[in-house]
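Notes for the structure review
Each chain is listed here by its residues.
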Amino acid sequence: MNGHYSKCDFFNYKRKDLAKYGNASNLQLNEKIKEMKKRGEKVYHVSFGQSPFPLPEEMVEALKKHAHQLDYLSMYGIIELRQAICNLHRQFPTGIPAEYLNPDNIVVTDGSKMALYLLMALTDSVVVLVAPAWVTYHSQVTLTGKKSIVIQTTYEDGWKLTPHSLAQAVERQAQPYENKLVIFTNPGNPTGQVYTAEELRELAEVFRKYKMIVVSDEIYSYSTYDDTDYVSLSKFYPEGTVITTGLSKWASGGGWRIGYAMFPPELSFLRNLLGSAASHTFTCAAAPQQYAVSEYFNNHEACAEYMKHCTRILHAVSLFCSRKLREAGLKVKDSNASYYMYPDFSNFRDKLAKRSIFTAEEMCAVMFTETKVALLAGGVTHLDSPESLTVQLCYVNFDGKAALAASRKIGLATKIGDEFVLKNCGTTVEAIGEITKWCTKLQES
């Protein structure tokens, strides 16, 4: 042998089930758009769910104070942060039972995404996903090598899982009572929908009947709008629910990578497994951030002020966007929380077919070419049906720093609406305008 090998010599090392495995589509598209913007190209980026707002000033100052922290920390997270998490959830309750709010029942992770992946990997179970789903869930299932069950939801059901569809999907399985880990997202990503207390109560009965463990991804719970009552699933299914959440959305700390999982006493074995897995993977979440976040989470006045301003801005923007899109002929539900809505272009199916556009991916590609509006396709990207003409629209491409300053200047006592959006969220208004003009031209073609 001459010591020179082609790449093909090692190709058989790749797992067969990862033949089509690739980057997260939302992150990949985000990188592409960043490069276009660097080149000075005009792009309306409404395809990526990153908070538009600056970090809370108190959190930034706390990080400066703790930047010298360099030790490896507890695999479960420092006790100061776990206690601060309990204090935060007591101060801003969402129905999480008291037994969850114990530092011994919490594991701090390197972002909630890591907690979700490890929980899938650590359980002997089939993974149940509710579609449309966040783009990462199915890829994580694939990475763990597990089998998944995908349950479709519909526009008519508000993009929500129903007790009937859940029970029907379970009973269709060869072994209805085999272990099942349900990944349940509330508020929804990519839909922005929030389950009511009664809907959760009815779902809990089915979860309980089939003895499922549910991982309730509640990363957007503190981004719920004022006109919506948010309740955690754990209130109705406390013995079988693990909550994952973090600060990436409501506190705008996506790049800080601080998430956490909260467990009931009945699932302490899983909490211990997650802590052990943490010690063998990421070791611990970053030390300076843990100390800084623990300090900020105990500043409840600052947290409340920041939450209220950010959520009311997002609410005003979401109402403006959904109304304009419906006026243009799209089917779209008003969002109850988060950064997202899930418009459906099926009313334009015949017009799109005349242009040889049959899938959401094809539609988004053409729209991007013609309008420079970047949308993330629904359809198979979000485990939706292949013929679906849905998209994920992230209405957060405005200048959040300026909008937050304007909201603070106005004061929380004064309501905001379209006038505020038109004045302070111009790039999002422009993006919606480009979409509606494209739809009008399509309708007239």
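Heads up: the structure comes first, above all this text.
Residues numbered from 1 in each chain as written. Predicted model: local features only at pLDDT ≥ 70, side-chain atom pairs only at ≥ 80, totals over all residues. Heavy atoms only, no water.

Scanning the protein chain from terminus to terminus reveals 15 helices and 12 strands. Burial statistics for the protein chain: of 445 residues in total, 56% are counted as buried. Long-range pairs, those at least 24 residues apart, make up 76% of the contacts in the protein chain between residues at least 6 apart in sequence. Mean positive and mean negative side-chain charge positions of the protein chain (48 and 47 charges, respectively) differ by 4 Å. (Helix = DSSP H or I, 4+ residues; strand = E, 2+ residues; numbered from the N terminus. Buried < 20%, exposed > 50% of the residue type's maximum accessible area, 1.4 Å probe, protein only. Contact = heavy atoms within 4.5 Å. Lys, Arg positive; Asp, Glu negative; His and termini not counted. Charge placed at Lys NZ, Arg CZ, Asp CG, Glu CD.)

One open sheet accounts for seven strands, arranged 2-8-7-6-5-3-4; its pairing is mixed. Looking along the sheet, the strands with just one partner apiece sit at the ends: strand 2 (106-109) and strand 4 (148-152). For this sheet the average axis-to-axis angle between neighbouring strands, irrespective of direction, equals 20°. One ladder, built from four bridges, connects strand 6 (residues 213-217) with strand 7 (residues 241-246); its direction is parallel. Along strand 7, the bridge assignment pairs V214 with T241. (Pairing = 2+ DSSP bridges. Axes fitted to C-alpha atoms, helices over the stretch in contact; angles between N-to-C directions.)

A few words now on the pattern of salt bridges. If charged atoms from side chains of opposite charge come close, those side chains can pair. Enumeration over the complete set of coordinates arrives at 18 salt bridges. For D334, the salt bridge goes to R326, with nearest N and O atoms at 3.0 Å. One salt-bridge network, held together by shared partners, links E57, E305 and R408. (Salt bridge = Lys/Arg side-chain N within 4 Å of Asp/Glu carboxyl O.)

Time to look at the nonpolar core. One finds F297, F345 and I435 to be the most contacted residues of the largest nonpolar core, which totals 89 residues. Not counting residues up to four positions away in its chain, the partners in contact with F345 are L330, L352, M363, M367, L389, V391, I435, W438 and C439. Among the nonpolar cores identified, the runner-up in size contains 30 residues, and L119, V127, I213 and L383 belong to it. (Core = buried A, V, L, I, M, F, W, Y, C linked by side-chain atoms within 4.5 Å.)

With antiparallel pairing, the three strands of this open sheet are ordered in space as 9-12-11. In the strand order of this sheet, the two ends are held by strand 9 (340-341) and strand 11 (376-377), each with one partner. Bridge count for strand 9 against strand 12 (residues 391-394) is two bridges, and the pairing is antiparallel. Counted as the bridge partner of Y340 is C394 from strand 12.

Counted under the stated rule, the structure contains 16 aromatic pairs. For the ring pair W159 and Y342, a centre distance of 5.0 Å and an interplane angle of 90° mean the geometry is edge-to-face. Of this pair, W159 sits in the loop between strand 4 and helix 6 (163-171) while Y342 sits in the loop between strand 9 and helix 11 (349-354), and the two are 183 residues apart along the sequence. For W159, a relative accessible area of 9% gives the class buried. (Phe/Tyr/Trp six-rings, centres within 6.5 Å; stacked < 30°, edge-to-face > 60°.)

Further remarks concern helix 9 (residues 287-297). With 10 of 11 residues buried, helix 9 lies mostly within the body of the structure. Those residues of helix 9 that sit buried are A287, P288, Q289, Q290, Y291, A292, V293, S294, Y296 and F297. On the buried face of helix 9, the contacting elements are helix 2 (57-66), helix 3 (79-91), strand 2, strand 8 (259-262) and helix 10 (300-327).

Attention now moves to the packing of helix 12 (residues 360-371) against helix 15 (residues 426-444). Contact pair helix 12 / helix 15: the axes reach a minimum separation of 11 Å and the direction vectors enclose 110°. It follows that helix 12 is roughly perpendicular to helix 15 by the angle criterion. Contacts from M363, V366, M367, E370 and T371 in helix 12 reach E434, I435 and W438 in helix 15. Residues of the contact of helix 12 with helix 15, tallied by class, amount to five nonpolar, one polar and two charged. (Parallel < 35°, antiparallel > 145°, perpendicular 65-115°, else oblique. Nonpolar A, V, L, I, M, F, W, Y, C, P; charged D, E, K, R; others polar.)

Turning next to the pairing of strand 5 (residues 180-185). For a regular strand, the rule is simple: side chains alternate between the two faces of the sheet. In terms of burial, strand 5 is largely enclosed, as six of its six residues are buried. As defined by bridge partners, strand 3 (residues 126-131) adjoins strand 5 across four bridges and the pair is classed as parallel. Pairing of V126 across the sheet is with K180, part of strand 5. Note on the crossover from strand 5 through helix 7 (residues 197-209) to strand 6: the handedness is right-handed. (Right-handed = clockwise from strand over helix to strand, strands pointing away.)

Here the focus is unusual backbone geometry. Following A131, the chain continues to P132 via a peptide bond in cis, the omega torsion being 0°. Here P132 lies in the loop between strand 3 and helix 5 (135-144). The step from N189 to P190 runs through a cis peptide bond, and the omega angle for that step is 25°. Within the secondary structure, P190 sits in the loop between strand 5 and helix 7. Even without being glycine, S338 reaches a positive phi, approximately 70°.

Position of R408 among the secondary structure elements: in helix 13 (residues 400-410). A C-alpha to C-alpha distance of 14 Å links R408 and V421, two positions 13 residues apart in sequence. Beyond its immediate chain neighbours, meaning those up to four positions away, R408 contacts E57, E305, Y306 and H309. Among the polar contacts listed, one links the side chain of R408 to the side chain of E305, at a separation of 2.8 Å. (Polar contact = N/O pair within 3.5 Å; in protein donor to acceptor, adjacent residues only side chain to side chain.)

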